[in-house]
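Residue strings, one per chain:
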Amino acid sequence: MKIWLNGGLQDLDTARVSVFDHGLTVGDGIFETVKSVEGRTFALTRHLDRLARSARGLGLPEPDLDEVRAACAAVIDANPMPLGRLRITYTGGLSPLGSDRGDQGQTLVVALGDADRRPDTTAVITVPWTRNERGALTGLKTTSYAENVVALARAHEQGASEALFANTVGQLCEGTGSNVFVVLDGEIHTPPVASGCLAGITRALAVDWTGARETDLPLDVLDRADEVFLTSTLRDVQAVRRIDGRELPGTPGPVTAKAMRIFDERAADDLDP
């Protein structure tokens, strides 16, 4: 296995990042997860645009996107696989202990791992913790992911693959690594970015391709929605068959099934939409 670290490919067993890297000590970093299919990335331009936005929002120097593209291509070429999870990580780099950043440059890592195609349906839970729609990191895809780790572990304990959050005012927000859509009277709705959710790449494509509406939704909409589905880089569009103790019969429902079909068709037609 080869990974890209600060300028070139290295063997996984010998690649090293300092224990004083700010991404490790205080979570000062950003990342993107990109799907690769038979050696070709999907929606890479959108992912790199968001990587740059996250860097600006965190106050990091913007990464050299040409270098990141080259790193992605080199890693994919060095590690052929049918379906992969390409992870781009960019941190504050070597820094003193504490919150102050150092001045020795940033760390860029690009790695690739095997992935399996997701099942068409899944189970989710809701959790009592909230997303802060007014926080300093809201809308940024940062490596400060501990809240998601805790919530996802609870989901797995309850036989689910994802945990859904409300925001601080009780509105439906997002999952630990996904966006959520609901179907009400045949119409598709998803929380707006102002709810505090991440502006997901797959979310944006699903909105464009299905005509979904961005709507402020109370968390209890999950108790009455006709259909629910998730979107993310590796889920694409995935139907939800169970929310907490509520079973949704006939999953995927007709609206979700159509959304799944549209997404698959449009994504196959354009790998960098």
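Our subject is the structure that appears above.
Quantities reported herein were computed from a predicted structural model and do not represent experimental measurements.

Colleague: I tried to follow the overall build of the protein on my own but got confused; where do I start?
Modeller: When you go through the protein residue by residue, the secondary structure sums to six helices and 15 strands. The C-alpha atoms of the protein give 19 Å as radius of gyration, which agrees with the globular expectation for 273 residues (19 Å, within 12%). For the protein, the spread of C-alpha atoms along the principal axes amounts to about 55 × 40 × 30 Å. Counting the 273 residues in the protein, one finds 50% classified as buried. Contacts in the protein between residues at least 24 apart in sequence constitute 69% of all its contacts with a sequence separation of at least 6. For the protein, the exposed area adds up to about 12,600 Å²; of that, 50% sits on carbon and sulfur atoms.

Colleague: Help me understand the nonpolar core in this model?
Modeller: As a rule of thumb, nonpolar side chains are buried together in soluble globular proteins. Residues Trp-4, Val-68, Cys-72, Leu-86, Ile-88, Leu-108 and Val-110 are the most contacted members of the largest nonpolar core, which totals 23 residues. Broken down by secondary-structure element, the contributors of at least two residues to this core are β3 (29-37), α2 (44-58), α3 (65-78), β5 (83-91) and β6 (107-114). Take this core: its biggest share by element is six residues, from α3. Not counting chain neighbours up to four residues away, the residues in contact with Val-68 comprise Leu-48, Leu-51, Pro-63, Ile-88 and Leu-108. Residues Ile-188, Ile-201, Trp-209 and Ala-259 belong to the second largest nonpolar core, which totals 18 residues.

Colleague: Help me understand the state of the cysteines in this model?
Modeller: The bond known as a disulfide is covalent and runs between the sulfur atoms of two cysteines. Taken as a whole and judged by the stated rule, the model has zero disulfides. The thiol of Cys-173 is unpaired, and the distance to the nearest cysteine sulfur, on Cys-197, comes to 5.4 Å. The exposure class assigned to Cys-173 is buried, which follows from its relative accessible area of 1%. The exposure class of Cys-197 is buried, given its relative accessible area of 1%.

Colleague: Any chance you could explain the packing of α2 against helix α5 (residues 201-210) here in plain terms?
Modeller: The relative placement of two packed helices comes down to the angle between their axes together with the axis-to-axis distance. Look at α2 against α5: their axes get within 10 Å of each other, and the N-to-C directions meet at 125 degrees. Taken together, the axes of α2 and α5 lie oblique to each other. In this structure, the crossing between α2 and α5 has a hand that is right-handed. Note on element contacts: α5 touches α2 through Ile-201, Ala-204, Leu-205 and Asp-208, opposite Arg-46, His-47 and Arg-50. Considered class by class, the residues forming the contact of α2 with α5 number three nonpolar, one polar and three charged.

Colleague: How do you make sense of the packing of aromatic side chains when you look at a structure like this?
Modeller: Given two aromatic rings, their pairing is described by the distance between the two centres and the angle made by the two planes. Taken as a whole and assessed by the stated rule, the structure comprises four aromatic pairs. On the numbers, 4.8 Å between centres and 10 degrees between planes, the contact of Phe-181 with Phe-229 is stacked. Pair noted here: Phe-181 is in strand β10 (residues 179-184) and Phe-229 is in strand β13 (residues 227-232), with a separation of 48 residues, a long-range link. Per residue, the accessibility class of Phe-181 equals that of Phe-229, and both read buried. Judged by centre distance (5.2 Å) and plane angle (50 degrees), the ring pair of Trp-209 and Phe-263 falls under tilted. Placement of Trp-209 in helix α5 and of Phe-263 in helix α6 (residues 254-269) is noted, with a sequence separation of 54 residues between them. This pair shows no difference in class: Trp-209 is buried, exactly as Phe-263 is. By the ring-pair criterion, three or more aromatic residues cluster together here, those being Phe-42, Trp-209 and Phe-263. Against the face of Phe-31 rests Arg-87, its NZ or CZ located 3.9 Å from the ring centre. Here Arg-131 stacks its cationic end above the ring of Phe-165, 4.0 Å away from the centre of that ring.

Colleague: Looking at this model, I keep getting lost on a negative patch on the surface. Mind explaining?
Modeller: Together, Asp-264, Glu-265, Asp-269, Asp-270 and Asp-272 make up a negatively charged patch on the protein surface. By secondary structure assignment, the location of Asp-270 is in the segment after α6.

Calculation rules
Residues numbered from 1 in each chain as written. Predicted model: local features only at pLDDT ≥ 70, side-chain atom pairs only at ≥ 80, totals over all residues. Heavy atoms only, no water. Helix = DSSP H or I, 4+ residues; strand = E, 2+ residues; numbered from the N terminus. Rg over C-alpha atoms; globule rule 2.2 N^0.38 Å. Buried < 20%, exposed > 50% of the residue type's maximum accessible area, 1.4 Å probe, protein only. Contact = heavy atoms within 4.5 Å. Areas by Shrake-Rupley, 256 points an atom, 1.4 Å probe, with all protein chains shown as cover. Core = buried A, V, L, I, M, F, W, Y, C linked by side-chain atoms within 4.5 Å. Disulfide = S-S within 2.5 Å. Axes fitted to C-alpha atoms, helices over the stretch in contact; angles between N-to-C directions. Parallel < 35°, antiparallel > 145°, perpendicular 65-115°, else oblique. Left-handed = near helix turned anticlockwise from the far one by under 90°. Nonpolar A, V, L, I, M, F, W, Y, C, P; charged D, E, K, R; others polar. Phe/Tyr/Trp six-rings, centres within 6.5 Å; stacked < 30°, edge-to-face > 60°. Lys NZ or Arg CZ within 6 Å of the ring centre and 35° of its normal. Patch = residues over 30% accessible without salt bridge, like charges linked within 9 Å, V, L, I, M, F, W, Y side chains within 5 Å. Salt bridge = Lys/Arg side-chain N within 4 Å of Asp/Glu carboxyl O. Lys, Arg positive; Asp, Glu negative; His and termini not counted. Charge placed at Lys NZ, Arg CZ, Asp CG, Glu CD.

The quantities given are spatial measurements derived from coordinates; they are silent on function.
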